[in-house]
Amino acid sequence: MAHRQRTPASPDERADKACASCGRRIEWRAKWADNWDAVKYCSAACRSHGVNATDLRLEETIVTLLNARAQDATICPSDAARAIGGEEWRDLMEPARRAARRMVARGELQITQGGSVVDPSTAKGPIRLRRPR
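Residues numbered from 1 in each chain as written. Predicted model: local features only at pLDDT ≥ 70, side-chain atom pairs only at ≥ 80, totals over all residues. Heavy atoms only, no water.

Undergrad: When you look at the overall build of the protein chain in this model, what are you seeing that I'm missing?
TA: Assigned secondary structure in the protein chain consists of 4 helices and 6 strands. When the helices and strands of the protein chain are placed in sequence order, the string is β-β-α-α-β-α-α-β-β-β. Every one of the 133 residues in the protein chain was classed for burial, and the buried ones make up 38%. Looking at the protein chain alone, contacts between residues at least 24 apart form 43% of all its contacts between residues at least 6 apart. Surface summary for the protein chain: the accessible area is close to 8,200 Å², and the carbon and sulfur share equals 48%. (Helix = DSSP H or I, 4+ residues; strand = E, 2+ residues; numbered from the N terminus. Buried < 20%, exposed > 50% of the residue type's maximum accessible area, 1.4 Å probe, protein only. Contact = heavy atoms within 4.5 Å. Areas by Shrake-Rupley, 256 points an atom, 1.4 Å probe, with all protein chains shown as cover.)

Undergrad: Explain the pattern of salt bridges here, please?
TA: Should the charged atoms of two oppositely charged side chains come close, the side chains can pair. With the rule as written, the count across this model stands at 8 salt bridges. Among the ionic pairs, R106 bridges to E59, the shortest N-O distance being 2.8 Å. In this pair, R106 sits in the loop between α4 (93-105) and β4 (110-113) while E59 sits in helix α2 (residues 53-67), placing the two residues 47 residues apart along the sequence. With relative accessibility at 45%, the residue R106 sits in the partly exposed group. Salt bridges sharing common partners tie together E59, R102, R106 and E108. (Salt bridge = Lys/Arg side-chain N within 4 Å of Asp/Glu carboxyl O.)

Undergrad: Looking at this model, I keep getting lost on helix α3 (residues 77-85). Mind explaining?
TA: Structurally, the α-helix is built with 3.6 residues per turn, so residues lying three or four positions apart point the same way. Considered for burial, the residues of α3 that qualify are P77, S78, A80, A81, I84 and G85. For α3, the buried positions fall inside an angular range of 155° around the axis, keeping them on one side. Check the buried side of α3 and you find it contacts α2, β3 (74-75), α4 and β6 (128-130). Once α3 ends, the next one or two residues include G86, with phi positive near 60°. (Arc of directions from axis to C-beta.)

Set out below in structure tokens:
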């Protein structure tokens with residue numbers, strides 16, 4: 001007998017959401033149908049990492065750096081990592097990208113590549129951060 005998947009009651013119930021830790025898109029899965037509202041993380045790694053004080057400082061630093069520039073200016077995530085990490089800034093690059101993705105999920109930021117807004121869940125390579133337009 002074939003496995004029968006439970007379908008959600010409404011399309012709204014199937015809406016994608018963002019991971020609370022890394023900001024990547026979490027897509028609805030049938031195995032989460034009974035507890036979709038409780039799903040907050042995309043993986044066990046994100047669940048164990050959560051959001052720590054450094055992550056929150058990176059978010060604040062991104063906002064501060066953007067506020068110090070022109071309204072249409074962009075910054076690199078490395079600018080925030082350098083501002084907080086000093087000599088060890090490279091270790092903060094992925095946390096800075098995660099902070100930016102969380103901010104995009106909340107509508108506070110846009111991630112661009114080559115001047116075009118890109119999906120933060122699939123963007124690879126160098127990115128720039130800007131205020132929403």
